[in-house]
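In case you want the letters, here they are:
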Amino acid sequence: MNARLRQIGTWIDRRLGVRDLLAHTVLHPIPRELESPMGWWYVFGSASLTFLLLQILSGVGLALVYVPSADQAYESLLYLDYEHPLGWFLRALHYYAGSGMVVMVLVHMTQVFLQGGHKYPRELTWCVGVVLLLCVLGMFFSGQILRWDPDAYWGLAVAGSMAGRVPIIGPDVVHVLLGAETIGAAALSRFFALHVFVIPGALLFFLAIHLWLVLRCGVSAPPVPGQIVDRATYDRDYAESLKRGVPFFGDAFWRDALVSALAVIVVVVIAAVLGPKGPTDPPDPTLGGANPRPEWPFLWLFALLSLSPREAETFIILVFPLLVIGVMFAVPFISNRGERAPSRRPVAVLSVILIYTTLGVLTYLGFTAPWSPRMEAWTADPVPVEIVKRSTVPQLVGGSVFQYKNCRNCHALDGVGGRRGPDLTSVGTRLTRDQLIMQVSNGTPGGGLMPAYGKQISPAELSMLVDFLVSLRPEGQPAAGWATPGPSLGAQQAAEPTYAKQLPPPDAS
Amino acid sequence: MTSARLLESWRVAGLLFLLTTGGCLDQMPGKPNPASRPKLPSEQTDFQVLFARSCSGCHGADGKLGPAPPLNDPLFLAIVPDEVLLDVITRGRRGTPMPAFDRRLSGTLTAEQIQILAEGLKTHFKPTLAGGDAPPYTGELSTQPSAEQIARGEKLFASACAACHGDSGQGSGDEDTAPGRVNDPALLSLFSNQALRRIIITGRPDLGMPNFAETDGRDSDFKPLTSEEIDDLVALLAHWRGRPQQVASNMGPGE
């Protein structure tokens, strides 16, 4: 029997020729210093890998039940949570192992950086690692959207406005990403494809390269203060040290396995105790109290957005992430020689502390930040009674149009409503009639912030809407522009739709 | 640490793992409690919740004092036929901001929920007034109102409406009491004739507009408006609008 199996194995390997490769992989020598307790620093990469395997397995399990369609996604998650045996556990496991993967990848990167593992000749390994981090974050992001609850709307809103700001091709990117100009069913299908095909494909591809690079360039020995990386001598010294090396399949392997097993146990226990995450409220876009939050790896960005002035938004949403990614790629090229020991690299250590403190504080703030786009359907928030009471008939109709066109999703009245755009309670004191017409018809120039309503609103609706907006001002305050009649008044009349010409000014106070 | 000892601790870890997973998972605190299962929006059957989520944005928190005509209005509820409520909520009023709510018309509510809302309006807001002497909810409006009808409408307008709305509906000067202009074609194009008729009948008690019979602010010889007189007034408004029926907004709810 055994002989027969061996025969088959040999037959296959004669054609496939992987036996050598495997043996090489398993037995490749690593520096002997890793047998010291320092070796425990080198376990995080393989722990990330273990989580990845767990994710693939649990992900396949979930995909067997999950329905990626807007009207059934949520229900299939409820089915998993409440009816399918241990479905809840699978969901919880997938979520916490995913979180664990992000944590492990970050810890792994931090360890590599602190111990100078990114320096010559492992720059490329680091860069591919950055790509892997982006893939993992991409998985997290797209995964959150599959939950299709208010948090998913948040994610989509940000993805949409992020993409919408890319110069020139922005609108097209939005279209590709969301499958439409607005968030809807098409977006869910796209993100499902991203989550189960595109990103995992990229992830596995780059992972293969990463592992290949690890084998080829070797595992770095633990740093020793005073031992300097010098391109001229490093390769020779390293090859020399490997001659005294130990095979990977030995202590190092068992250490990795032990930590991985522990990590899995921790995640299993957390999943069993805390249970699945969400889905939170039903995906009813009209929910009044919905307070969507992004997933924790993105909370810091969320906080940054809500704390910064609106003018900085494009920068934060588009330029800043690109900068951060650029810096991460540049790290091994900025410093790829010299000391590796953290004790001799105060700047590196300080920046790590600084970055993690900032991220920590921002993440904490992210839990309470108010930045909240709500994207669809009629808002449930009533028009404040005070406004209704002092409104004329046209203003009342304008108020209905305001609700009907979902302006409230982004704009608050008396503090109630979306926070994406400014509160409009006193917009009548800031903007004149023609400015308001411009704002509503054209939206924010360049797109991204406020959609242009020009094509989605009839002239009659626009006229009433603007009547309503002009009336939005605290008692006794004059409308913008009316106090100083001048050339602008003429322009105002010109901007007026023709059918209103024969009538007196709307609200000649 | 030797490989053997590492191997040993690994075995312990494996055992621990088996213990945690072994069978008792179903009793773990993480298992979602069926009692806290969120309700799907389509499963929501509570009138108040449905109304608050879908209607209060326009019709007001308690069905009044919103920008759209009040639904919490005893006279309105006394005269409006049940089928109309059902139909309006299902299909909306084309060309007005009243959206279609039926899921099949890209709305958000199921037929059952619409039923709950339509019935709930009457049971929840309680029509206290018998609509006995009020004109019927639906009237008759010829698609081409005659010149005489419009002239009759103008006379009625002068006696029943002009005090607040101005002689030709342009609104009166005083900002505080003025309800503003009502002769604006744009404005009128966002009202259905049915809503115009209904508001003439019920007034807007929440905002101080008198109903068809109340005399406040009107001439001393004012008599409650009859159904035909209201038709004449609607004909006048339709004439001001420039079109017999309201135009469709290009983004109006589907049919």
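Procedures and definitions
Residues numbered from 1 in each chain as written. Chains lettered and ligands numbered in written order. Predicted model: local features only at pLDDT ≥ 70, side-chain atom pairs only at ≥ 80, totals over all residues. Heavy atoms only, no water. Core = buried A, V, L, I, M, F, W, Y, C linked by side-chain atoms within 4.5 Å. Buried < 20%, exposed > 50% of the residue type's maximum accessible area, 1.4 Å probe, protein only. Helix = DSSP H or I, 4+ residues; strand = E, 2+ residues; numbered from the N terminus. Contact = heavy atoms within 4.5 Å. Patch = residues over 30% accessible without salt bridge, like charges linked within 9 Å, V, L, I, M, F, W, Y side chains within 5 Å. Areas by Shrake-Rupley, 256 points an atom, 1.4 Å probe, with all protein chains shown as cover. Salt bridge = Lys/Arg side-chain N within 4 Å of Asp/Glu carboxyl O. Lys, Arg positive; Asp, Glu negative; His and termini not counted. Charge placed at Lys NZ, Arg CZ, Asp CG, Glu CD. Axes fitted to C-alpha atoms, helices over the stretch in contact; angles between N-to-C directions. Parallel < 35°, antiparallel > 145°, perpendicular 65-115°, else oblique. Left-handed = near helix turned anticlockwise from the far one by under 90°. Nonpolar A, V, L, I, M, F, W, Y, C, P; charged D, E, K, R; others polar. Arc of directions from axis to C-beta. Expected span 1.5 Å × (residues − 1). pLDDT = per-residue confidence, 0-100. Polar contact = N/O pair within 3.5 Å; in protein donor to acceptor, adjacent residues only side chain to side chain.

Asks: Sorry if this is basic, but what is going on with the nonpolar core here?
Replies: Residues A:Leu469, B:Leu121 and B:Leu225 are the most contacted members of the largest nonpolar core, which totals 79 residues. Ranked by residue count, the leading element in this core is helix α19 (residues 459-471) of chain A, at eight residues.

Asks: Explain the environment of A:Gln227 to me, please; I cannot follow it from the model alone.
Replies: Residues and elements named next belong to chain A. On the secondary structure map, Gln 227 appears in the loop between α9 (185-217) and β2 (228-229). Residues Gln 227 and Arg 340, 113 residues apart in the sequence, show an inter-C-alpha distance of 7.5 Å. The contacts of Gln 227, once residues within four sequence positions are left out, are Gly 338, Glu 339 and Arg 340.

Asks: Hey, could you run me through a negative patch on the surface in this one?
Replies: A cluster of acidic side chains, namely A:Glu386, A:Asp414, A:Asp423 and A:Glu475, defines a negative patch on the protein surface. Look at A:Asp414 and you get partly exposed, because its relative accessible area is 49%.

Asks: I tried to follow the packing of helix α3 (residues 44-63) of chain A against helix α5 (residues 87-114) of chain A on my own but got confused; where do I start?
Replies: Helix packing for two helices is described by the angle between their axes and how far apart those axes are. Residue and element names in this part refer to chain A. Two elements in contact, α3 and α5, have axes separated by 8 Å at closest approach and are oriented at 155 degrees. It follows that α3 is roughly antiparallel to α5 by the angle criterion. As α3 packs across α5, the resulting crossing turns out to be left-handed. Of the residues in the contact of α3 with α5, the class split is 13 nonpolar, eleven polar and one charged.

Asks: Quick question: what am I supposed to make of helix α10 (residues 231-243) of chain A here?
Replies: An α-helical turn contains 3.6 residues, so any two residues separated by three or four positions project in the same direction. Residues and elements named next belong to chain A. Taken residue by residue, α10 has Tyr 234, Tyr 238 and Ser 241 as its buried positions. Burial along α10 is one-sided: seen end-on, the buried residues are contained in an arc of 65 degrees. Set apart from the buried face of α10 by more than 90 degrees, the exposed residues are Ala 232, Arg 236 and Lys 243. Of the surrounding elements, those touching the buried residues of α10 are α9 and β2.

Asks: Any chance you could explain the packing of helix α18 (residues 433-442) of chain A against α19(A) here in plain terms?
Replies: Residue and element names in this part refer to chain A. Two elements in contact, α18 and α19, have axes whose closest approach is 10 Å; the angle formed by their N-to-C orientations is 125 degrees. What the angle tells us is that α18 and α19 run oblique. Once α18 is placed against α19, the crossing between them reads as right-handed. On α19, the residues that touch Arg 433, Leu 436, Ile 437, Val 440 and Ser 441 of α18 are Leu 462, Ser 463, Leu 465, Val 466, Asp 467, Leu 469 and Val 470.

Asks: I tried to follow α19(A) on my own but got confused; where do I start?
Replies: Across its 13 residues, α19(A) extends 18 Å between first and last C-alpha, which sits within 8% of the 18 Å expected from 1.5 Å per residue. Across the 13 residues that make up α19(A), a large majority, twelve, are buried. Residues of α19(A) that are buried include every one of A:Ala460, A:Glu461, A:Leu462, A:Ser463, A:Met464, A:Leu465, A:Val466, A:Asp467, A:Phe468, A:Leu469, A:Val470 and A:Ser471, and no others. At its buried positions, α19(A) is contacted by α15 (385-389), α16 (393-404), β5 (412-413), α17 (427-430) and α18 of chain A together with α9 (185-188) of chain B.

Asks: Got a minute to help me understand the environment of B:Ala78 in this structure?
Replies: Note that B:Ala78 resides in helix α4 (residues 74-79). Spatially, the C-alpha atom of B:Ala78 lies 9.8 Å from that of B:Pro136, the residues being 58 residues apart in sequence.

Asks: It is not clear to me how the confidence of the model for chain B should be interpreted in this structure. Could you clarify?
Replies: Residue and element names in this part refer to chain B. Taken over all residues, the pLDDT of chain B has a mean of 82, while the share at 70 or more is 84%. In the model of chain B, helix α1 (residues 3-21) stands out as the element of lowest mean pLDDT, 69, in contrast to helix α5 (residues 82-91), which has the highest, 94. Taken as a whole, residues 247-255 scores under 50 in pLDDT and shows 28 contacts with residues more than four places along the chain or in a different chain. For this predicted complex, the interface confidence score (ipTM) comes to 0.82, while the overall pTM stands at 0.65.

Asks: Honestly, the side chain of A:Thr432 in this entry has me stumped. Any pointers?
Replies: All names here are of chain A. Among the secondary structure elements, Thr 432 is positioned in the loop between α17 and α18. Of the residues examined, Thr 432 reaches a relative accessible area of 11% and is grouped as buried. Within the local environment of Thr 432, its side chain forms a polar contact with the side chain of Asp 434, the two groups lying 2.5 Å apart.

Asks: Help me understand the environment of A:Leu146, please; the structure alone is not making it clear to me.
Replies: All names here are of chain A. Inspection of the secondary structure puts Leu 146 in helix α6 (residues 123-146). Its relative accessible area of 9% is what places Leu 146 among the buried residues. In sequence terms Leu 146 and Tyr 66 are 80 residues apart; their C-alpha atoms lie 9.1 Å from each other. Excluding anything up to four places from it in sequence, Leu 146 contacts Tyr 66, Ala 73, Leu 77, Leu 188, Phe 191, Phe 192 and His 195.

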